[in-house]
Amino acid sequence: MIGYLSQRLALAFLVCLTVSLITFFLLTSSGDVVSAIAGEEATPEQIAALRRELGLDAHWTVRYLEWLGNALRGDFGNSLFFRETVADLIMHRLPNTLQLAGMSLAVMLSLSLPLGMLAAFRPNTWVDRLALSIAVMGQAMPNFWFGLILMVVFALNLGWLPPSGSGTNWHFILPAIALGYYATPPVMRLTRAGMIEVLGTDYIRTARAKGLSTTRVLFKHALRNAIIPVVALTAVQFGNMLGGSVVIETVFGIQGVGYLAWESITRLDVPVVQAIMILVAIAYITLVLVSDVLNAWLDPKIRK
Amino acid sequence: MTTVNVPGRETSGQPAATDPASAPSGSTARARWRDRDFPRRALKHSAFLVGCSILVLILLMALIAPLIAPYDPYSQSMANRLVPPIWMDGGTWDHPLGTDGLGRDYLSRVIYGSRISLLIGTFTVVCSGLIGTTLGVLAGYFGGRVDLVINFIIMTRLTLPVIMVALAVVAIVGSSLTVVILVLGLLLWDRFAVVMRSAVMQVRNQEYVQSARALGCSTPYIIVREIMPNIFGSLVVIATFEMANAILLEAALSFLGLGVQPPLPSWGLMVAEGRNYLLFDPWLIMIPGFAIFLLVLAINLMGDGLRDILTPENRN
């Protein structure tokens, strides 16, 4: 297990390094940010001075190593537009994104687990079909569109919830539903498949034969064995939600990291985009690592 | 051995919609594809039929768009702004789906929009399919070091957030239909690679491959003639899901303003433009959004159906 873990860690580290190199390379090719900031009126001397001030005149390898060294110390430089350090900017927006992701996770689990279990317990009945339709619809609906529909119905027409912003907890309900539903189908399908597999095993038949109640069989024996791959997938889906939050935060005007990413990309605020991409990558790869370890713990065959 | 985790993309867990007993699990996907039973099984699969019918209708609509669209999708008419669709008060048969904020006929724009979505879906899948299948087949067939390197590439790709990379590239390079297709084509190959890799691993030690090797067939010959036909079923199934994925991503990119640019009638862009009239004219976002939903639903239903019909061993 230690060997397996250290191998996975080394791979994760290498992947992160590659990702940082790719994003750096991608964004340094982003044309002349300096003249964009300086404006049309700036003279060539002023542009050159600004370039030196921002440290953009060195060779890209030098700048990459410098950026990497600073990033490892938690210093991602300054935003080109906000005149604030990137680290501060992200730290201020992070709580909103985490709250959104947390609430979306709750929505996703409260939809996918009960429906997946019910569908497995009563296959080919109306419950199963309902669960399947919910999954199929969720996969086909563009999440920004679903978010806008929720906004029109529950905020603009019924007036139950605020349409946009991130001031109170109420602001997060609609976006959390939109984002949570979007992440539901794979988890529900895996729950269903896992439960069907477990319910067909000998020990469940034994438990039933012993005369244990249905709820006891379902929750005590079946769920416990079916849940671990679901937990692993949930970890990965949580990482996907961080990406999905770019769209949903923009729709609902939530001042989170996703919205910041979109703003910064449209303005080519390179230091901010770079920092967010590498942080999302690290978060994602950590979650994949967690899910791999969970899977390995479940299945000793992988460990070898 | 390293395993690659594909988030939210597991192929199991597919509810069995056809009778599994009708497909002998020992036969190969190739046999099933050419099987005389294929039409019979397809006709029995109602979700597959529904998906196919919707898709054929949308395809037809895209092909004969100039013949059926009542107006030019670009011609503006300030006198006819925001005419509501026919089922609402004030709707007329002149504009069955109404007009947008610039007075352009909405039905014509929706009809022409199908061309953009289908174009993006098709070309993205061709591009990503080529990359992903090549990587997956190489990794699966050769294993060892090749597999290790390709696994690392797959892992790196999975770690990059698609939507952010696509947005950034489009912001840097500038947005056009071609750029969107290329970006998505170069990003969405991961599932092809992962599934092809494991599919090839499954068949590479089958007897017919070993006998081809014993006969002295060259590696390219074995891959093209013995391996590819047998993983073709899985390939088609992934292609449908990736097509749906690409269409959704294009819609999201266009919605965020970094995809297809105005005045092109991209459905995602139409939803973005309709946002300005969210309060009083919500149908402006409902109609193009529903079009995306319908197209993606049709493709997914067809993909689910194909998976049931072609690769019963992938079901639970």
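About the criteria used
Residues numbered from 1 in each chain as written. Chains lettered and ligands numbered in written order. Predicted model: local features only at pLDDT ≥ 70, side-chain atom pairs only at ≥ 80, totals over all residues. Heavy atoms only, no water. Helix = DSSP H or I, 4+ residues; strand = E, 2+ residues; numbered from the N terminus. Buried < 20%, exposed > 50% of the residue type's maximum accessible area, 1.4 Å probe, protein only. Contact = heavy atoms within 4.5 Å. Areas by Shrake-Rupley, 256 points an atom, 1.4 Å probe, with all protein chains shown as cover. Lys, Arg positive; Asp, Glu negative; His and termini not counted. Charge placed at Lys NZ, Arg CZ, Asp CG, Glu CD. Core = buried A, V, L, I, M, F, W, Y, C linked by side-chain atoms within 4.5 Å. Expected span 1.5 Å × (residues − 1). Phe/Tyr/Trp six-rings, centres within 6.5 Å; stacked < 30°, edge-to-face > 60°. Lys NZ or Arg CZ within 6 Å of the ring centre and 35° of its normal. Buried area = accessible area lost by both parts, 1.4 Å probe. Salt bridge = Lys/Arg side-chain N within 4 Å of Asp/Glu carboxyl O. Polar contact = N/O pair within 3.5 Å; in protein donor to acceptor, adjacent residues only side chain to side chain. Nonpolar A, V, L, I, M, F, W, Y, C, P; charged D, E, K, R; others polar. Axes fitted to C-alpha atoms, helices over the stretch in contact; angles between N-to-C directions. Left-handed = near helix turned anticlockwise from the far one by under 90°. Patch = residues over 30% accessible without salt bridge, like charges linked within 9 Å, V, L, I, M, F, W, Y side chains within 5 Å. Parallel < 35°, antiparallel > 145°, perpendicular 65-115°, else oblique.

Caption draft 1: How the structure looks around the overall build of chain A. Looking only at helices and strands, chain A has 13 helices and zero strands in total. The order of α-helices and β-strands along chain A, N terminus first, is α-α-α-α-α-α-α-α-α-α-α-α-α. Based on the C-alpha atoms only, the size of chain A along its principal axes is roughly 85 × 60 × 30 Å. For chain A, the residues scored as buried account for 49% of the 304 residues in total. The contacts in chain A between residues at least 6 apart in sequence include a share of 74% that link residues at least 24 apart. Counting every atom, chain A has about 14100 Å² of accessible surface; 65% of that belongs to carbon and sulfur. Each charge class in chain A was averaged separately, 21 positive and 18 negative side chains, and the resulting centres sit 22 Å apart.

Caption draft 2: How the structure looks around the nonpolar core. Phe144 and Ile276 of chain A together with Leu167 of chain B are the most contacted members of the largest nonpolar core, which totals 154 residues. Considering each element in turn, this core owes the most residues, 19 residues, to helix 11 (residues 219-255) of chain B. When residues no more than four places from it in sequence are discounted, the contact partners of Leu167 of chain B are Val246, Trp262 and Ile265 of chain A together with Leu253, Leu256 and Leu258 of chain B. With 13 residues, the next largest nonpolar core counts Val217, Leu218, Ala222 and Ala226 of chain A among its residues.

Caption draft 3: Seen up close, helix 13 (residues 283-310) of chain B. For helix 13 of chain B, spanning 28 residues, the distance from its first C-alpha to its last is 40 Å, which sits close to the expected 40 Å at 1.5 Å a residue. The buried fraction of helix 13 of chain B is high, at 25 of 28 residues.

Caption draft 4: Seen up close, the packing of aromatic side chains. Residues and elements named next belong to chain A. Per the stated rule, a full pass over the model turns up 12 aromatic pairs over all chains. On the numbers, 5.9 Å between centres and 40° between planes, the contact of Phe154 with Trp160 is tilted. For Trp160, a relative accessible area of 62% corresponds to the exposed category. A network of ring pairs unites the aromatic residues Phe24, Tyr64, Trp67 and Phe76 as a single cluster. Cation over ring: Arg267 sits above Phe81, and NZ or CZ is 5.3 Å from the ring centre.

Caption draft 5: The interface of chain B and chain A, seen in detail. Contacts between chain B and chain A engage 52 residues on the former and 60 residues on the latter. Roughly 4900 Å² of surface becomes buried between chain B and chain A when both sides are summed, with 76% attributable to carbon and sulfur atoms. Scanning the region where chain B abuts chain A turns up one salt bridge. Counting across the interface, chain B meets chain A through four residue pairs in polar contact (both at pLDDT 80 or more). Contributions of two or more residues to the side of chain B that touches chain A are made by helix 6 (144-159), helix 7 (162-173), helix 11, helix 12 (267-274) and helix 13 of chain B. Counting residues per element, the side of chain B that touches chain A draws most heavily on helix 13 of chain B, at 12 residues. When grouped by side-chain class, the residues that make up the side of chain B that touches chain A number 35 nonpolar, 13 polar and four charged.

Caption draft 6: Quick look at the packing of helix 7 of chain B against helix 8 (residues 177-187) of chain B. All names here are of chain B. Running from N to C, helix 7 and helix 8 point in directions that differ by 145°, and their axes come no closer than 10 Å. Where helix 7 crosses over helix 8, the two elements pack in a sense that is right-handed. From helix 7, Val162, Val165, Ala166, Val169, Val170 and Val173 reach across to helix 8, where they touch Val179, Val183 and Leu187. Here the contact of helix 7 with helix 8 is built from residues that sort into nine nonpolar, no polar and no charged.

Caption draft 7: Examining the pattern of salt bridges more closely. Enumeration over the complete set of coordinates arrives at 11 salt bridges over all chains. In this structure, Asp202 of chain A engages Arg205 of chain A in a salt bridge whose closest nitrogen and oxygen atoms are separated by 3.4 Å. Linking Asp202 of chain A with Arg205 of chain A, this pair stays in helix 9 (residues 202-209), spanning three residues, or about one helical turn. Arg205 of chain A matches Asp202 of chain A in its accessibility class, with the two residues each being exposed. Here Asp100 of chain B ties to Arg104 of chain B by a salt bridge, and the two come within 3.0 Å at their closest N and O atoms. With respect to burial, Asp100 of chain B and Arg104 of chain B carry one shared label: buried.

Caption draft 8: Layout of a positive patch on the surface. Residue and element names in this part refer to chain A. On the surface, a cluster of positive charge is contributed by Lys210, Arg216, Lys220 and Arg224. Along the polypeptide, Lys220 turns up in helix 10 (residues 214-252). Exposure remark for Lys220: the relative accessible area of 39% places this residue in the partly exposed category.

Caption draft 9: Representation of the environment of Leu17 of chain A. All names here are of chain A. Mapped onto the elements, Leu17 comes out in helix 1 (residues 2-28). With 265 residues separating them in the primary sequence, Leu17 and Ile282 have C-alpha atoms 9.8 Å apart. Residues within four places of Leu17 in sequence aside, it is in contact with Tyr64 and Leu68.

Caption draft 10: Highlighting unusual backbone geometry. Backbone torsion omega between Pro262 of chain B and Pro263 of chain B reads 10°, so that peptide bond is classified as cis. In this fold, Pro263 of chain B is placed in the loop between helix 11 and helix 12. One non-glycine residue with positive phi stands out, namely Asn124 of chain A, at about 60°. Along the chain, Asn124 of chain A falls in the loop between helix 5 (86-121) and helix 6 (126-140). On the basis of relative accessible area, Asn124 of chain A is assigned to the exposed category, the value being 53%. Non-glycine residue Leu268 of chain A carries a positive phi angle of around 50°. Mapped onto the fold, Leu268 of chain A is located in the loop between helix 11 (257-266) and helix 12 (270-298).

Caption draft 11: How the structure looks around the packing of helix 5 (residues 106-142) of chain B against helix 12 of chain B. All names here are of chain B. Following both chains from N to C, one finds helix 5 and helix 12 inclined at 135°, their axes separated by 8 Å at the closest point. As far as their axial angle goes, helix 12 and helix 5 are oblique. Between helix 5, through Tyr106, Arg109, Val110, Gly113, Ser114 and Ser117, and helix 12, the contact on the second element is made entirely by Trp267, Met270 and Glu273.

Caption draft 12: Spatial organisation of helix 8 of chain B. Buried within helix 8 of chain B we find Val179, Val180, Ile181, Val183, Leu184, Gly185 and Leu187 of chain B. Where helix 8 of chain B is buried, its residues contact helix 5, helix 6, helix 7, helix 9 (190-203) and helix 11 of chain B.

Caption draft 13: Region of the structure containing a nonpolar patch on the surface. Residues and elements named next belong to chain B. There is a patch of nonpolar side chains on the surface, built from Val56, Leu57, Leu60, Leu63, Ile64, Leu67 and Ile68 and spanning about 700 Å² of accessible area. Elements with a minimum of two residues in the nonpolar patch: helix 3 (46-63) and helix 4 (65-68). It is helix 3 that contributes the most residues to the nonpolar patch, four residues altogether.

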